[in-house]
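# A structural walkthrough
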Amino acid sequence: MFGFSLTKILFTVAVIIIVWQGYKWLGRMQTRRDAIAREGARGKGRGGRATAPAAASSSAEFEEMVECPVCGDFVPARGAVSCGRGECPYRG
Ligand SMILES: [Zn+2]
């Protein structure tokens, strides 16, 4: 009775330890995954924030500013104002 009980207790303890270690391992794996995911998200976020607005602003400036073929002045494409010369394609 005592021997059976001890074996049962030892078996139960062994199962608890195995399950505990398994959960510990799973927790470590999940923590690693979360850390990697966070790092990846942060990296992408930083990269996107760093590059996207700069590219957008530069492209927007490039698109908005047009060089006048006559006078050579850079004028905004939208609402371009004539420089005053007769050959200037832009009209105020
Ligand atoms: Zn002009």
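Values in this document were obtained by computation on a predicted structure and should not be read as measured data.

This paragraph deals with the overall build of the protein. In terms of helices and strands, the protein carries one helix and two strands. Listing every helix and strand of the protein by position from the N terminus yields α-β-β. Sorting the 92 residues of the protein into buried and exposed places 7% on the buried side. Summarising the internal contacts of the protein: among those between residues at least 6 apart in sequence, 3% fall at separations of at least 24. Accessible surface, the protein as shown: approximately 8,000 Å² in total, 63% of it carbon and sulfur.

We now examine a nonpolar patch on the surface. Taken together, Phe-11, Val-15, Val-19, Tyr-23, Trp-25 and Leu-26 make up a surface patch of nonpolar side chains, about 660 Å² in accessible area. Mapping Leu-26 onto the fold places it in helix H1 (residues 2-64). Relative accessible area serves as the criterion here: at 47%, Leu-26 is assigned to the partly exposed category.

Time to look at the confidence of the model for the protein. Residue-level pLDDT values for the protein average 79, and 74% of them are 70 or greater. Summarising per-element confidence for the protein, the mean pLDDT is lowest in H1 (79) and highest in strand S1 (residues 65-67) (82).

On to the coordination of the zinc ion, then. Those donors, Cys-68 (SG), Cys-71 (SG), Cys-83 (SG) and Cys-88 (SG), are the protein atoms that reach the zinc ion, and they lie 2.3 to 2.4 Å from it. Coordination at the zinc ion comes from four donor atoms whose angles at the metal span 83 to 176°, giving a geometry best classed as square planar. Donor residues binding the zinc ion come from one chain and are separated in sequence as C-x2-C-x11-C-x4-C. Of this pair, Cys-71 sits in the loop between S1 and strand S2 (74-76) while Cys-83 sits in the segment after S2, and the two are twelve residues apart along the sequence.

Analysis parameters
- Residues numbered from 1 in each chain as written.
- Predicted model: local features only at pLDDT ≥ 70, side-chain atom pairs only at ≥ 80, totals over all residues.
- Heavy atoms only, no water.
- Helix = DSSP H or I, 4+ residues; strand = E, 2+ residues; numbered from the N terminus.
- Buried < 20%, exposed > 50% of the residue type's maximum accessible area, 1.4 Å probe, protein only.
- Contact = heavy atoms within 4.5 Å.
- Areas by Shrake-Rupley, 256 points an atom, 1.4 Å probe, with all protein chains shown as cover.
- Patch = residues over 30% accessible without salt bridge, like charges linked within 9 Å, V, L, I, M, F, W, Y side chains within 5 Å.
- Salt bridge = Lys/Arg side-chain N within 4 Å of Asp/Glu carboxyl O.
- pLDDT = per-residue confidence, 0-100.
- Donors = N, O, S within 2.8 Å, 3.2 Å for Na, K, Ca; no water.
- Tetrahedral: all angles 85-135°; square planar, octahedral: opposite > 155°, others 65-115°.

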